[in-house]
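Spelled out, the chains give:
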Amino acid sequence: MDIAPLQSTPAASASATTQFAADFDTFLTLLTTQLQNQDPLKPLDTEKFTEQLVQFASVEQSIQTNQHLEALIALQSSSANETALATVGKLAEIASDGVTFAEGPVEWRYELPREAASVTLQVADANGVTVATLPGETRAGRHIFSWDGRLDNGSTADTGEYRLSIAAVDAEGEPIAATTDIRGLVDSAVFNDGAPKIEIAGALYDLSLLSRVEARTQYRMGDE
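Residues numbered from 1 in each chain as written. Predicted model: local features only at pLDDT ≥ 70, side-chain atom pairs only at ≥ 80, totals over all residues. Heavy atoms only, no water.

How would you sum up the packing of aromatic side chains? Please name residues and give values.
Within the structure shown, the criterion is met by 5 aromatic pairs. Geometrically, the ring pair formed by F101 and W147 is tilted, given 5.4 Å between the ring centres and 50° between the ring planes. One end of the pair, F101, is in strand β2 (residues 98-101); the other, W147, is in strand β6 (residues 141-147), with 46 residues separating them in the sequence. An identical accessibility class is assigned to F101 and W147; each is buried. In textbook terms, an aromatic cluster arises when at least three aromatic residues are bridged by ring pairs, as seen for F101, W108, F145, W147 and Y162. (Phe/Tyr/Trp six-rings, centres within 6.5 Å; stacked < 30°, edge-to-face > 60°. Helix = DSSP H or I, 4+ residues; strand = E, 2+ residues; numbered from the N terminus. Buried < 20%, exposed > 50% of the residue type's maximum accessible area, 1.4 Å probe, protein only.)

See below:
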């Protein structure tokens, strides 16, 4: 007897459960009929029946596992949606090196775990091409880098996505790993592709990048 493969959607699980029950009832009916009409001198081979019973038990466990996973995924999705909605209108800190440049200045925050001998800040466009190179603060701790969109060639950057990379070295020339994040007011929560995102200054960020939320409805460039 063939048993339909399992799917992962709630509708498919319900269908699989119904199909499983029907198949199992049919199997028991066939088994009972064959046992009642078997030749006493040539009893039926019970090994195949045992294999079928084991297979049915395995399928039932798989269906129940899928149903439990679906319930957990639904709870997790609901919790993520609520988290995204709760950040709207508040000041959020995102562990990201990317911002959207439009007309006004944009800013990043970077943190040095220890004092550096030199720090070079490099802004790259969406194609990964470095368009602006500036010196950075060398003291240990958090620093704010505000960029007005001015490029190395003297022109102004076009509207688009830009990323900041930091090259920091100590007095011995050893590299220092710096962390980068951005801050901004959350304009909206977006629910596309089943994964909620938050929107800040036109850019979308995953909730997994959210590191801090403050109950502030106003924010000025350079605020701590």
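On we go from here.
Summarise the pattern of salt bridges; cite the residues concerned and give the values.
Applying the stated criterion to the full structure yields 9 salt bridges. In this structure, E93 engages R183 in a salt bridge whose closest nitrogen and oxygen atoms are separated by 3.5 Å. Taken together, the residues E93 in strand β1 (residues 91-94) and R183 in strand β9 (residues 179-185) connect sequence positions 90 residues apart. Each member of the pair, E93 together with R183, is buried. Among the salt bridges present, the one from E137 reaches R139, with a minimum N-O distance of 3.0 Å. Relative accessible area serves as the criterion here: at 38%, E137 is assigned to the partly exposed category. Each member of the salt-bridge network shares a partner with another, and the members are E93, R142, D181, R183 and E214. (Salt bridge = Lys/Arg side-chain N within 4 Å of Asp/Glu carboxyl O.)

Outline the sheet that holds strand β11 (residues 195-200), supporting the account with residue identities and numerical values.
Taking strand neighbours across the sheet as the criterion, the 3 strands line up as β10-β11-β12 in an open arrangement whose pairing is antiparallel. Each edge of the open sheet carries a strand with a single partner, namely β10 (188-192) and β12 (203-206). Adjacent strand axes in the sheet meet at a mean angle of 40°, parallel and antiparallel pairs treated alike. Inspection of the sheet shows β10 paired to β11 by 5 bridges, in the antiparallel sense. By the bridge assignment for β11, N192 is matched with A195. (Pairing = 2+ DSSP bridges. Axes fitted to C-alpha atoms, helices over the stretch in contact; angles between N-to-C directions.)

Give a detailed account of the confidence of the model for the protein chain, specifying residues and quantitative values.
Mean pLDDT over the protein chain stands at 78; residues scoring 70 or higher make up 63%. Predicted confidence is poor over residues 1-8, with pLDDT under 50, and the contacts of this stretch with residues over four places away or in other chains come to 20 contacts. (pLDDT = per-residue confidence, 0-100. Contact = heavy atoms within 4.5 Å.)

Before we move on, could you go through the environment of A116 and cite the residues and values that matter?
Topologically, A116 is positioned in the loop between β3 (106-112) and β4 (118-124). For A116 and R139, which are 23 residues apart along the polypeptide, the C-alpha to C-alpha distance reads 6.5 Å. In this view, A116 contacts T138, A168, V169, D170 and I176; residues no more than four positions away in its chain are not counted.

Residue-level account of the sheet that holds strand β13 (residues 210-214), with values.
Strand order in the open sheet formed by 5 strands is β6-β3-β9-β1-β13, with antiparallel pairing between adjacent strands. Each edge of the sheet is formed by a strand with only one pairing partner; in this case those strands are β6 and β13. Neighbouring strand axes in the sheet, compared pairwise and without regard to direction, differ in orientation by 25° on average. Sheet topology note: the β3/β6 ladder contains 7 bridges and is antiparallel. In the sheet register, V106 faces β6, and the bridge partner there is W147.

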